[in-house]
Amino acid sequence: MRVLVTGGAGYIGSITSGVLAETGRQVTVLDSFEKGHRDAVEGLQVVEGDVRDRSFLAEVFEGADFDAVVHFAAYIEVGESVEQPLRYFRNNLVGGLNVLEAAIRAGVRKFIFSSTAAVYGTPLEVPISEEAPTAPINPYGRSKRDFEEILESCRRSYGLSYASLRYFNAAGARPDGGLGEDHRPESHLIPKVLKAAVDGREVAIYGTDYPTPDGTCVRDYVHVMDLAQAHVLALESMDEGGGRGEVLNLGNGEGFSVREVIRKAGEVTGLDIPVRKAPRRPGDASILVASAEKAKRVLGWQPELADLGTIIETAWRWHSSHPKGYEH
Ligand SMILES: NC(=O)c1ccc[n+]([C@@H]2O[C@H](COP(=O)([O-])OP(=O)(O)OC[C@H]3O[C@@H](n4cnc5c(N)ncnc54)[C@H](O)[C@@H]3O)[C@@H](O)[C@H]2O)c1
């Protein structure tokens, strides 16, 4: 099976590309390297270019005979999406549309899309099931929700099989310590806490008066290797039949507060992690926890690295061995 992975040099994309290659798929990574890392795709076939460039995409698909596309390429910063919505719609929505159009033109009918818990906005109930209304509260979430709807239209009209995988908080690193998280800027809690541990800096806790047991936000952390495995299973499920569309949450169904994560990181690293209280950030829901029952049922997905300690341990192995992240 030949798979095109857009955004395959990024955090989740590189780890998933490695797992796809290890399971015998022929992987081609497409990345602009604006945010991705060359060291993260060593040994894989790579094409460098931008999904906003339609003629580049036409060339990539020409004669390549891909069986499936896994589309990770996107901008991912919620706050930035509020400041620069057009940039986000251009990259995440129009860029995604370009990839989808090129794929459909080339006869590719299997498409996996990196969606997000941000499509739910402020959920009315937790754990959140896929039946919950989508009501994104920022352009990032809207760009993802809108692309999901485009996929559904293409299923109806072109017989596209797709899976929209709504990740909750991706975290952790390859357990061998070889690939991990290196976003610039880094806005995700676990890498921020571990970097602060290394540098002896304070970690800001944004909001300590949420209606949660300790007043800090609660999130569902899902190991990046378990996410990668879900992509393998989603591709396998598509091998069996055409024209199916699935929207699936990927999370562990358990929430941890910011303070709990910091405490656990202190235990794992053996370091003292100083904190400071900071005001709430606009748009942060108090609790986001997935129900991933559907992914378990539909894909047979079973997260194996669900324990928060294990997630932080693997992340720590990566951060302590790569204090500066990937070299550039
Ligand atoms: N990290 C999370 O917790 C999380 C949660 C939910 C959803 N997601 C989604 O998963 C996907 C991957 O996230 P990540 O954390 O690995 O992000 P990342 O920034 O590490 O990876 C994104 C990759 O896409 C590439 N890219 C961006 N725009 C591009 C373009 N126009 N053309 C070509 N390449 C382009 C970047 O260079 C980068 O390598 C994104 O779509 C994101 O929205 C991530």
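Residues numbered from 1 in each chain as written. Predicted model: local features only at pLDDT ≥ 70, side-chain atom pairs only at ≥ 80, totals over all residues.

(A) Expanded view of the overall build of the protein chain. On a plain count of helices and strands, the protein chain comes out with ten helices and 14 strands. Judged by the C-alpha coordinates and their principal axes, the protein chain covers about 55 × 40 × 40 Å. A burial count over the protein chain gives 45% of its 328 residues as buried. Relative to all contacts within the protein chain whose residues are 6 or more apart in sequence, the contacts with residues 24 or more apart total 79%. (Helix = DSSP H or I, 4+ residues; strand = E, 2+ residues; numbered from the N terminus. Buried ≥ 20, exposed ≤ 12 C-beta atoms within 10 Å, placed from the backbone. Contact = placed C-beta atoms within 7 Å.)

(B) Spatial organisation of helix H10 (residues 308-321). Taking 1.5 Å per residue as the helical rise, H10 with its 14 residues ought to reach 20 Å, and the 20 Å between its terminal C-alpha atoms agrees with that figure. Every buried residue of H10 is listed here: Leu308, Ile311, Ile312, Thr314, Ala315, Trp316, Trp318 and His319. Of the surrounding secondary structure, the elements contacted by the buried residues of H10 are strand S7 (169-171), helix H6 (189-199), strand S10 (221-223), strand S12 (256-257) and helix H8 (258-269). (Expected span 1.5 Å × (residues − 1).)

(C) Examining the site of the ligand more closely. Around the ligand sit 27 residues in total, of which Gly7, Gly10, Gly36, Ala74 and Ala170 are the nearest. Element by element, the count of residues in the shell around the ligand is highest for helix H1 (residues 11-22), at three residues. (Near = placed C-beta within 6 Å.)

(D) Spotlight on the domain arrangement of the protein chain. Assigned domains within the protein chain: domain 1 (2-170 + 223-250) and domain 2 (189-219 + 253-321). Contacts between domain 1 and domain 2 engage 25 residues on the former and 21 residues on the latter. Among the elements of the structure, helix H7 (224-240) and strand S11 (245-250) are those that each provide at least two residues to the side of domain 1 that touches domain 2. Counting residues per element, the side of domain 1 that touches domain 2 draws most heavily on H7, which supplies seven residues. For the side of domain 1 that touches domain 2, the class distribution of residues is 14 nonpolar, eight polar and three charged. (Domains from an automatic or database assignment. Nonpolar A, V, L, I, M, F, W, Y, C, P; charged D, E, K, R; others polar.)

(E) Examining the nonpolar core more closely. Core analysis: the biggest nonpolar cluster contains 94 residues, and Val224 and Leu250 have the highest contact counts within it. Per element, the largest residue contribution to this core is eight residues, and it comes from H7. Residues from two domains meet in this core; each of domain 1 (2-170 + 223-250) and domain 2 (189-219 + 253-321) gives at least three. Sequence-distant contacts of Leu250, that is, excluding residues within four places in its chain, are made with Leu165, Arg166, Tyr167, Phe168, Val222, Leu227, Ala230, Ala292 and Ala295. (Core = buried A, V, L, I, M, F, W, Y, C linked by C-beta atoms within 7 Å.)

(F) View of the sheet that holds S12. Spatial ordering of the open sheet is given by S12-S9-S14, a layout of three strands whose pairing is mixed. Lying at the two open borders of the sheet, with one neighbouring strand each, are S12 and strand S14 (287-288). Examined bridge by bridge, strand S9 (residues 218-219) and S12 share two bridges and lie antiparallel to one another. Residue pairing across strands places Arg219 opposite Phe256, the latter belonging to S12. (Pairing = 2+ DSSP bridges.)

(G) Seen up close, unusual backbone geometry. Cis rather than trans, the peptide bond between Val126 and Pro127 has omega equal to -10 degrees. Of note, Pro127 is situated in the loop between strand S5 (110-116) and helix H5 (139-158). Its identity is not glycine, yet Asp65 carries a phi of approximately 60 degrees, on the positive side.

(H) Up close: the environment of Phe56. As for its placement among the helices and strands, Phe56 is situated in helix H2 (residues 54-61). You can call Phe56 partly exposed: it has 17 C-beta atoms within 10 Å. Expressed as a C-alpha distance, the spacing of Phe56 and Ala73, which sit 17 residues apart in the sequence, is 15 Å. When near neighbours in sequence (up to four residues on either side) are disregarded, Phe56 contacts Gly49 and Asp50.

(I) A look at the packing of H8 against H10. Direction vectors running N to C along H8 and H10 enclose 55 degrees, while the axes themselves pass 10 Å from each other. In terms of their interaxial angle, H8 and H10 are classed as oblique. When the axes of H8 and H10 are compared, the crossing they make is right-handed. Along the contact surface, H8 presents Lys264, Ala265, Val268 and Thr269, while H10 presents Leu308, Gly309, Ile312, Glu313 and Trp316. Here the residues of the contact of H8 with H10 are counted per class, giving five nonpolar, two polar and two charged. (Axes fitted to C-alpha atoms, helices over the stretch in contact; angles between N-to-C directions. Parallel < 35°, antiparallel > 145°, perpendicular 65-115°, else oblique. Left-handed = near helix turned anticlockwise from the far one by under 90°.)

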